[in-house]
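Residue strings, one per chain:
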Amino acid sequence: MQTFQMEGARNKTGSKSILKLMAKWLTIATALLAPLAAAAGEITVKGSDTMVILGQRWAEEYMGAHPKATIQVTGGGSGTGISALINGTTEICQASRPMSAAEKEKLRDRYATVGVEIPVARDGLSVYVNASNPLSEITMDQLKLIFTGKVTNWKELGGPDGKIVVYSRENSSGTYVFFKEHVLKNADYTVRAQSMPGTAAVVNAVAKEKFGIGYGGAAYAKGIKVLKVKPDAGSPAVAADEAHVKDGSYPLSRPLFFYLRNKPTGDVGAFVDWVLSAAGQTIVTKVGYYPVK
Amino acid sequence: MATSSESPVERPLDQAMLVGLGPSKRPSLPTRGPPPVRSSDHEHHGRAERPRLASRRPRFHALAEMAIRVLAFSSIAAIILIFVFIGKEAWPLLHDSVIGREVTLAKMWFAQQWPGYDAPEHIWQPVSEIPKYAAWPLVVGTLKVTLIAMLVAVPLGVGAALFVSQYAGRRLREIVKPTVELLAGVPSVVLGFFALMVMATWLQQVLGLDSRLNALVAGVALSFAIIPVIFTVSEEAFGAVPRSYVEASTALGAARWQTIVRVVMPAAGPGVAAGIALGLGRAVGETMIVLMASGNAAILSSSPADSVRTVSATIAAELAEVVFGGAHYTVLFFLGVLLFGFTLATNLLGEFAIGRMRRRLGGMA
Amino acid sequence: MKGSARTTPWRIRRLGDVALAMGTGLAAVLVLLIVAIILGDVIYNGAPRMTLTFLTQAPREGMTAGGIFPAIFGTVALVVLMTIAVLPAGVATAIYLSEYANPESRVTRLVRVAVNNLAGVPSIVFGLFGLGFFVQFVGVGIDRALYGGQRVFGQPALVWAALTMAVLTLPVVIVATEEALAAVPRELRLASAALGASRLQTIARVVLPQALPGILTGAILAISRGAGEVAPILFTGVAYFLPKLPGSLHDQFMQLGYHVYVLSTQSPDVDATRPILYATVLVLLLLTFALNATAVVVRSKMRRRFAGAVS
């Protein structure tokens, strides 16, 4: 009988605590929904997926040397980063392509500034093929034919008899836009081109696909073969190495940028200066891109 | 009120209540619920207490009931808002003149002659000098993947359900059912991961496909997500067929398989159909698996070996990057409306089928 | 049918039985095999990397080293906020529908149909809704009202992802609660009413305590669903990589499922991340399985209890 009592009592409090709990939830929910202040002294870096690994390494090293700094790096694509800069949700935008006139105009409309463009590294946009592919060089024209779908078999380029599997990037990527402008001369990619969410996915796919081809940042080129590129049929093939990327003779070399709304000062300025310093530029090489200086 | 029962005076009353409330075969049961305690409250405190209670009750009660009502209506409102807000963001596609310059419904659904192309074509190239938003490659891609998934999932799901409900012994059933529940609990991103990392290479090697990621890989991986849906609903449907049906059939001399094929399966038919309809809705809307395993190329073809880009994967891959309120954004929301409409239809179909089966079996039993 | 059954030769009858049993048995075996292969692959490749440091460290060196603590933290923060939002709303809706609303009324029936259908709406559509409603409408509205238009809440954030997930799991909670309420024996309500309890008192003191395990089951299933879904949070708050844990409601967050997606499609070094990826998948699977198993246990306990109550 005693135990009955205990159980009864326990359950009664249980039933009451449901109401209490509900009330508690309500107060917690309303308290949480009240706006909270944003943390200060933190730098947001957003944009290009090509540059995300670079930005992350920079942030890691910089925060290691400057314990008070907080740098938050996210990807999403150059376009995402630029719209974040325009929307005011990021301090630094990483972009693997220059800002377009339309984007600069939007920035001017909001902030009465055209923004500050700082080249922070150089990239040789590489053409990846499977390690087993016998080809070692390719012309810009051939690239265009492959990526617009006019050439569909490696045989037509003097390679083995195999259907070319074309890997491209999602359309938010700066690399996608750069390649489209500089190789396809603004023609559409073939519909057969598979859109990969990141450069790593392209590399991974080409590494596993015997007849695959893709493009992406030099830093990601692991486990695949990088083709030398001929600017045109008559000229010699150029490798995407440091010397040729730096002097611009590699036809697919491009600068990688930081974009800011205004001239960097304070915490942001210190970070940008560090990125451009010898310490920052060493990391560029470590990650697999090329320093600006 | 709550603590009063702990006073020694009330104990006998409580025990009297226990006896009064009902059969005390399971003595712990009546004590569980608070009613005995509450009622003892009344009996003990008597009339003198009542007015106080009455005066206190309404305010608190009204407040609590108000809270229930407010919460209930806000969640009902959320449901309605989903219909409203997706439509609202897609609406400019139909009437906005600025967006109309870039894309119209006609341009989405009919082949267009684009500069640089030889013939009118359906092209999905939303980021381009001239953005192209043909919906057919995406819709056909979605249907292709869904069809492949259903071709795998229906035989496996219904077959396994039939086995479990008709042939399997108790022990086997207790292995198969939890395993299927386990599969149901696997997040779709894990299935996508598995398709991408393991299945793609394997299927390509076995079948000699041109590319690793294609409709077939995505479809098979997708089937893993819907097998549990089809299995669970079908198994319930088979289980709901009255024993009398089976007994009658057996008494008439039918073999076991004849009973199953001619009696059990027709009787459970609408339930199985409901399971298939729910699976279909799930397959069409599933996102992460196809995003990771389909190759994401908007090719308009019928070959299962081609890469595809489904409606859901397109939204997932492109929405985060678009200019809010622009043509691309609007088109993606319109695709969302299409998905929404389709799954709504399959759900209603499923519900209708289940209702029908209930009525049919209810009427005959 | 009668005739044909009689005249079917014994051998064919036997053959048909064997064929059907084998066929359906094969289907069952295949399903078991699929689960075994997936789990086997994940456990075999993921278990060696699953260490305490892996669970408690942040990713390092561009996610090719270190652990997944921020993703675990983000997942937990997400489901906790989601639960805070969905549980009161879902339970109240279920109480309203089954205890207050007139079951015959057209509105009630319409709401039920809506709830059932909400369960079948693709998760990506919830993502669209979250972006269009919470981020673009509510968030931007809050910014206009309180921050003078500066972007604080008007962007993808933890709170919006949690609320989106709450709407997604709303039907799970409503349906489970309604079922649990319906399973409470009528006699108990009648007894309570006969003793002079008001409807609210009956609900709060008699019905809800009895239905509690069922409601808990629903809540756990909702949490399990919320822990595994990725599509709804893609545009409403999840981030690729953050060096800091989310400190406020308008911060972005990392999440386990999205981490799996990112690692398997965007990691800079596939070979180096492979073990990390597998271990992350294993953690995600263990989390959802543990939640589901808890739900199963709670549910079976509830069944036993009601089985007792009815007899």
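On a predicted model such as this, the values are computed, not experimentally measured, just so you know.

J.: Is there a simple way to think about the packing of helix α8 (residues 170-184) of chain B against helix α10 (residues 215-239) of chain B in this case?
T.: For any two helices packed against each other, the geometry is given by the interaxial angle and the distance between the axes. All names here are of chain B. One way to put it is that α8 packs onto α10 with a least axis distance of 8 Å and a crossing angle of 135°. Viewed along their axes, α8 and α10 adopt a mutual orientation that is oblique. Considering the relative orientation of α8 and α10, their crossing is left-handed. Packed against α8, whose contacting residues are V176, K177, V180, L183 and A184, the element α10 presents F224, P228, F231 and E235 at the interface. Residues belonging to the contact of α8 with α10 are distributed by class as follows: seven nonpolar, no polar and two charged.

J.: Just to check I follow, could you spell out the sheet that holds strand β10 (residues 225-230) of chain A for this structure?
T.: The strands making up a sheet are joined through hydrogen bonds of the backbone, oriented either antiparallel or parallel. Residues and elements named next belong to chain A. Ordered by their spatial adjacency, six strands build an open sheet running β6-β10-β5-β9-β7-β8, and the pairing between neighbours is mixed. The open sheet is flanked by β6 (137-139) and β8 (194-196), the only strands paired with a single partner. The sheet shows a mean angle of 35° between the axes of neighbouring strands, taken without regard to direction. Examined bridge by bridge, β6 and β10 share three bridges and lie parallel to one another. Looking at the pairing, T139 lines up with K230 of β10. Helix α5 (residues 140-148) contacts β5 (126-129), β6, β7 (165-169), β9 (212-216) and β10 of the sheet and is inclined by roughly 80° relative to β6.

J.: Got a minute to help me understand the interface of chain C and chain B in this structure?
T.: The figure often quoted for interface size is the accessible area lost as the parts come together. Opposite the 89 residues of chain C that make contact, chain B presents 91 residues. Both faces considered, chain C and chain B share a buried interface measuring about 8,000 Å² in area, 78% of it formed by carbon and sulfur atoms. Counting every contact that joins chain C to chain B gives zero salt bridges. At the boundary of chain C with chain B, the tally comes to two residue pairs in polar contact (both at pLDDT 80 or more).

J.: Is there a simple way to think about helix α9 (residues 188-207) of chain B in this case?
T.: Since the α-helix advances by 3.6 residues per turn, residues separated by three or four positions end up pointing in the same direction. All names here are of chain B. Its 20 residues give α9 an end-to-end C-alpha distance of only 25 Å, which falls more than 12% under 28 Å, the value for a rise of 1.5 Å per residue. At M199, α9 shows its maximal kink, close to 50°. Burial within α9 is extensive, with 14 of its 20 residues counted as buried. Downstream of α9 by a residue or two, G208 has a phi angle that is positive, lying close to 60°.

J.: Is there a simple way to explain the sheet that holds strand β4 (residues 116-124) of chain A in this structure?
T.: Residue and element names in this part refer to chain A. Spatially, the five strands line up as an open sheet ordered β2-β1-β3-β11-β4, and their pairing is mixed. In this open sheet, the two strands that pair with only one neighbour each are β2 (70-74) and β4. Across the sheet, the mean angle from the axis of one strand to that of its neighbour is 20°, orientation sign disregarded. Here β4 runs beside strand β11 (residues 253-260); their pairing, made up of eight bridges, is antiparallel. Bridged to R122 within β11 is P255. Packing against the sheet, helix α9 (residues 266-276) makes contact with β1 (42-47), β2, β3 (92-95), β4 and β11, and its axis sits at approximately 30° to β4.

J.: Please clarify how the domain arrangement of chain A should be interpreted in this entry.
T.: All names here are of chain A. Taken domain by domain, chain A comprises domain 1 (41-122 + 254-287) and domain 2 (126-251). Spacing between the C-alpha centres of domain 1 and domain 2 amounts to 27 Å. Buried surface at the junction of domain 1 and domain 2, summed over both partners, amounts to about 1,000 Å²; 53% is from carbon and sulfur atoms. One can count zero salt bridges joining domain 1 with domain 2. Applying the counting criterion to the domain 1 and domain 2 interface returns two residue pairs in polar contact (both at pLDDT 80 or more).

J.: Explain empty space enclosed by the protein to me, please; I cannot follow it from the model alone.
T.: Over the atoms, a rolling probe the size of a water molecule traces out where space has been left empty. Applying the stated rule across the entire model yields eight cavities of 30 Å³ or more. Of the voids in this model, the largest cavity is the one considered here, and its volume is about 190 Å³. Y176, A193 and S195 of chain A together with W124 and Q125 of chain B are the residues nearest the centre of the largest cavity, which is lined by 18 residues in total. Of the residues in the lining of the largest cavity, the class split is eight nonpolar, six polar and four charged. If you go around the second largest cavity, you meet 17 residues; those closest to its centre are M196 and A201 of chain A together with L196, L213 and M292 of chain B.

J.: Sorry if this is basic, but what is going on with the packing of α9 of chain B against α10 of chain B here?
T.: Residues and elements named next belong to chain B. The contact between α9 and α10 brings their axes to 9 Å, and the two run at 130°. Regarding the angle of α9 to α10, the classification is oblique. Two packed elements cross with a definite hand, and for α9 against α10 that hand is right-handed. The residues of α10 that touch α9, namely those facing L191, A195, M199, A200, L203 and L207, are L216, V217, V220, A221, F224 and A225. Broken down by class, the residue content of the contact of α9 with α10 amounts to 12 nonpolar, no polar and no charged.

J.: Just to check I follow, could you spell out the nonpolar core for this structure?
T.: Nonpolar side chains in soluble globular proteins tend to be buried together. Membership of the largest hydrophobic core comes to 250 residues, with the highest contact counts inside it found for W58, F258 and F271 of chain A together with F193 and L319 of chain B. The greatest single-element share of this core, amounting to 16 residues, is contributed by helix α4 (residues 69-100) of chain C. With near-sequence residues (within four places) excluded, F271 of chain A lies in contact with I43, V45, W58, Y62, I71, I92 and F258 of chain A. Counting residues in hydrophobic clusters, the runner-up holds 33 residues, among them Y176, A193, V229 and Y290 of chain A.

J.: Is there a simple way to think about the pairing of β9 of chain A in this case?
T.: Residues in a regular strand point their side chains to alternate faces of the sheet. Residues and elements named next belong to chain A. Of all the five residues making up β9, five are buried; the element is thus mostly covered by neighbouring parts of the structure. Covered by surrounding structure in β9 are G212, G214 and G216 together with I213 and Y215, the residues of both alternating faces. Of the pairings in the sheet, the one linking β5 to β9 comprises four bridges and is antiparallel in character. Along β9, the bridge assignment pairs S126 with G216. Two strands pair when backbone bridges link them, and β7 and β9 are joined in this way by two bridges, in the parallel orientation. Counterpart to V166 in the pairing with β9 is I213.

J.: I keep staring at the confidence of the model for chain A and nothing clicks. Help me out?
T.: Detailed reading of the predicted coordinates is not advisable wherever pLDDT falls low. Residues and elements named next belong to chain A. Mean pLDDT over chain A works out to 81, with 86% of the residues at or above the 70 mark. Residue range residues 1-16 is modelled with pLDDT below 50. Its contacts to residues more than four positions away, or to other chains, number 23 contacts. Confidence drops under a pLDDT of 50 for residues 29-40, and excluding neighbours within four residues, the segment shows 17 contacts in the predicted structure.

Analysis parameters
- Residues numbered from 1 in each chain as written.
- Chains lettered and ligands numbered in written order.
- Predicted model: local features only at pLDDT ≥ 70, side-chain atom pairs only at ≥ 80, totals over all residues.
- Heavy atoms only, no water.
- Axes fitted to C-alpha atoms, helices over the stretch in contact; angles between N-to-C directions.
- Helix = DSSP H or I, 4+ residues; strand = E, 2+ residues; numbered from the N terminus.
- Parallel < 35°, antiparallel > 145°, perpendicular 65-115°, else oblique.
- Left-handed = near helix turned anticlockwise from the far one by under 90°.
- Contact = heavy atoms within 4.5 Å.
- Nonpolar A, V, L, I, M, F, W, Y, C, P; charged D, E, K, R; others polar.
- Pairing = 2+ DSSP bridges.
- Buried area = accessible area lost by both parts, 1.4 Å probe.
- Salt bridge = Lys/Arg side-chain N within 4 Å of Asp/Glu carboxyl O.
- Polar contact = N/O pair within 3.5 Å; in protein donor to acceptor, adjacent residues only side chain to side chain.
- Expected span 1.5 Å × (residues − 1).
- Bend = angle between axes of the 7 residues up to and from the residue.
- Buried < 20%, exposed > 50% of the residue type's maximum accessible area, 1.4 Å probe, protein only.
- Domains from an automatic or database assignment.
- 1 Å grid on protein atoms, 1.4 Å probe; cavity = no way out; pocket = protein on both sides within 12 Å on 5 of 7 lines; lining within 4 Å.
- Points joined across faces, edges and corners; volume = space filled by probe spheres on them.
- Core = buried A, V, L, I, M, F, W, Y, C linked by side-chain atoms within 4.5 Å.
- pLDDT = per-residue confidence, 0-100.

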